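# Structure at a glance
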Amino acid sequence: KPLDIVKDVAPYQTRRTFQYREYWSRQNLGAGQAERIRMGSLACTGGGELMFSIGVPLSLFESHPEYFPLIDGQRSREAGDKKMRRCMSNPDVMELMRQYALRHLESADHFGIDYRDASGGWCECGKCRAYGTGADGVYRVQNVAHRFTKELSEKVLAVRPDAKFDVLVYRDYREPVSNDVKFSPAVLAKYCPHQRCYAHPLTAPCNAYFRRQYDFWNERCPTFGIFDYYAFSNVQYCPLEYVLAEDFKYYMNSNFRLWLEDTSGGCVKWPFPVCNWQMFYVASKMFWDKSVEVKPLMDEAYAFYYGAAADVMRKYHAFRLELWNACPAHAAMSNFQRNAYCLNPEGSRERLLGYLDEAEKLAASDAEVRTRIGIDRDMLTAVWIKRNDALREALEKQRPMDVRRRSGAIAIDGELDDAGWKDAFVA
């Protein structure tokens, strides 16, 4: 059944001593949430995207505008509010943040450092420009962010040597720095390749940009992990376990401590870990043994999961994988729906539905297996069939433009008749 986070998921995890994070700030915790944290779940680490709005609040703007970003020659209240930036080179800003972190650490052992999911708004004053200028003489935003993170964590550790920090290597401060920033082992740096292609492994040519960043930060950060974003890349009910296994082998041959996936993007009534349970099953096994091979592992899992219908459901999932791998283009955060193209081959939906019909007959005496096959039918309908129907309807109503990366000469003549268009991806 659809799961309620508060009524179903949190109590389940608490009873089984799973660690999970409450998103709300500590001061807003209800009695039940506070009790679950005491029983083993993870308290909010404080700070994070809100760290400046709490540590150096906007209420100080009138009395201390110098704490806030200089934008186009003026101290900006808007950049201080909406983008939550501060004048990073100001020593008073650093001191206020140090005090805030120490206050938080009175009741927690972690403090989160992050610079908000918004581009722009960084202070343009001369001191901040110098603060963010690396050894190559070039100013970079990532130099500012990670230098501040390093210095803040060091100042806190001088007072609280047992403190731990989380920092996101994210968005417009994700590119390699050109200064000498290297974090203490007390800082868990979580690299966020949120716009990478999840239809292909990190080692694929299409992800070279993100692999380069991963390698850089992996070398710079003694305590290092990755924060993936499958759930928001339009990959619900897509066979990602093989790509994930390739990624895990790459991660686990490097300086790698943690894998985090934001699982909050679901599919109609089913949450993401149900839509894509295979990838989480493979991840849970590979945490223990990176030599695990996916196909025999999934063959075994399908035997447990589908019982008498296992053989036909293996064929069903193998065909889904074949269709997924044959899709054009990529799957990235906030990108187009690659899964809408899975059923373009004629007869593919009928073949998949036929497998499900056969599986339900084989599982006629097992209500639990019939329920599981029903979940597959729900998601095939919602994610593949309905989206493919919408794609076909859209293409019937308008002339499509086919797009593809092209090498060689391109004739700029207004005619879409080059040979390269023939096999291109329909947009």
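Below you will find a few notes about this structure. (Residues numbered from 1 in each chain as written. Predicted model: local features only at pLDDT ≥ 70, side-chain atom pairs only at ≥ 80, totals over all residues. Heavy atoms only, no water.)

### A few points about the overall build of the protein chain
Put simply, the rule reads: Counting from the N terminus, the helices are DSSP H or I runs at least four residues long and the strands are E runs at least two residues long. Partly exposed residues are those whose accessible area sits between 20% and 50% of the maximum for their type, while under 20% is buried and over 50% is exposed, using a 1.4 Å probe and protein chains only. We call two residues in contact when some of their heavy atoms are within 4.5 Å. The Shrake-Rupley method, run with a 1.4 Å probe sphere, supplies the accessible areas, and residue values consider only the shown protein chains as cover.
Each helix and strand in the protein chain was counted, giving 15 helices and 10 strands. Residue burial in the protein chain is summarised as follows: out of 427 residues, 48% are buried. Considering only residue pairs separated by 6 or more positions, the protein chain has 67% of its internal contacts joining residues 24 or more positions apart. With the model as given, the accessible surface of the protein chain reaches about 21,300 Å², and the carbon-plus-sulfur share is 53%.

### What to know about the pairing of strand β8 (residues 258-261)
Under the convention used in this document: The handedness rule is simple: strands pointing away from the viewer, and a clockwise path from the first strand over the helix to the second, make the crossover right-handed.
Burial along β8 is one-sided: the residues W259 and E261 are buried and none of L258 and L260 is. You can see the chain leave strand β7 (residues 223-228), run along helix α9 (residues 241-252) and come back into β8, and the turn it takes is right-handed.

### Points about the side chain of H194
Note the cut-off: Here a polar contact is taken to be a pair of N or O atoms separated by no more than 3.5 Å, where protein atoms must pair a possible hydrogen donor with a possible acceptor and residues adjacent in sequence count only if both atoms sit in side chains.
With respect to the helices and strands, the residue H194 is situated in the loop between β6 (187-191) and α8 (208-220). Under the relative-accessibility criterion, H194 is labelled buried at 1%. Here F227 takes part through its backbone oxygen, which lies 3.4 Å from a polar atom of the side chain of H194. If sequence neighbours within four positions are ignored, H194 has contacts with Y170, R174, F227, D228, Y229, S233 and M333.

### A closer look at empty space enclosed by the protein
Put simply, the rule is: With a 1 Å grid spanning the protein atoms alone, the term cavity applies to any set of points in which a 1.4 Å probe fits but cannot get out, the term pocket to an open set with protein on both sides within 12 Å along at least five of seven lines, and the term lining residue to any residue with an atom within 4 Å of a point. Grid points are joined across faces, edges and corners, and a volume is the space filled by probe spheres set on the points. When residues are grouped by polarity, Ala, Val, Leu, Ile, Met, Phe, Trp, Tyr, Cys and Pro land in nonpolar, Asp, Glu, Lys and Arg in charged, and all others, Gly among them, in polar.
In the structure shown here, the tally under the stated rule is one cavity of 30 Å³ or more. Computed from the structure, the largest cavity encloses a volume of approximately 40 Å³. Y237, V274, C275, W277, Q278, Y305, H317, R372, I375, D376 and M379 together form the lining of the largest cavity. Breaking the lining of the largest cavity down by element, the ones donating at least two residues are α10 (272-275), α11 (277-286) and α15 (367-397). Among the elements that take part in the lining of the largest cavity, α15 stands out by supplying four residues, more than any other. Split by residue class, the lining of the largest cavity holds seven nonpolar, two polar and two charged.

### Let's talk about the environment of R171
By the element assignment, R171 lies in the loop between β5 (164-169) and β6. R171 sits in the partly exposed class, given a relative accessible area of 38%. The contacts of R171, once residues within four sequence positions are left out, are D117 and S119.

### Structural notes on the pattern of salt bridges
For the record, the criterion: In what follows, salt bridge is the name for a side-chain nitrogen of Lys or Arg lying within 4 Å of a carboxyl oxygen of Asp or Glu.
Inspection of every chain in the model, using the stated rule, returns 21 salt bridges. Ionic pairing is found between E154 and K150, a salt bridge with its closest N-O pair at 2.9 Å. Separated by four residues within a single helix, E154 and K150 lie in helix α7 (residues 141-159), roughly one turn from each other. By relative accessible area, which is 22% here, K150 ends up partly exposed. For the salt bridge of R377 with D357, the shortest nitrogen-to-oxygen distance reads 2.8 Å. Residue R377 is located in helix α15, and its partner D357 is located in helix α14 (residues 348-362); the two are separated by 20 residues in the primary sequence. Overall, the relative accessible area of 37% leaves D357 in the partly exposed class.

### Some points on α7
Worth spelling out the cut-off: A helix's residues, less one, multiplied by 1.5 Å, set its expected span.
With 19 residues, α7 extends 28 Å between its outermost C-alpha atoms, agreeing within 8% with the 27 Å of an ideal straight helix rising 1.5 Å per residue. Within α7 the residues assigned to the buried category are V141, Q142, N143, V144, A145, H146, F148, T149, L152, S153, V156 and L157.

### Quick word on the side chain of N388
Take N388: it is sitting in helix α15. Polar contacts involving the side chain of N388 include one to the main-chain carbonyl oxygen of A340, which spans 2.8 Å. Apart from the residues within four sequence positions on either side, N388 is in contact with A340, Y341, L343, N344 and R349.

### Quick word on the nonpolar core
A general tendency of soluble globular proteins is for nonpolar side chains to be buried together. Put simply, the test is: By nonpolar core is meant a set of buried Ala, Val, Leu, Ile, Met, Phe, Trp, Tyr and Cys residues that side-chain atoms within 4.5 Å join together.
With 117 residues, the main nonpolar core has Y115, F148, W259 and W384 as its most contacted residues. With nine residues, α15 is the single largest residue contributor to this core. If we ignore the near neighbours within four places in the chain, the residues touching F148 are F52, M88, V93, M94, M97, Y115 and Y131.

### As for α14
Along an α-helix, residues three or four apart share an orientation, since each turn contains 3.6 residues. What counts here: In this description, the arc belongs to the directions extending from the helix axis to the C-beta atoms.
Its 15 residues place the ends of α14 22 Å apart at the C-alpha level, agreeing with the 21 Å of an ideal helix rising 1.5 Å per residue. Listed as buried for α14 are S348, R349, L352, Y355, L356 and A359. All buried residues of α14 project into a common sector of 125 degrees when viewed along the axis, lining one side. Set apart from the buried face of α14 by more than 90 degrees, the exposed residues are E350 and K361.

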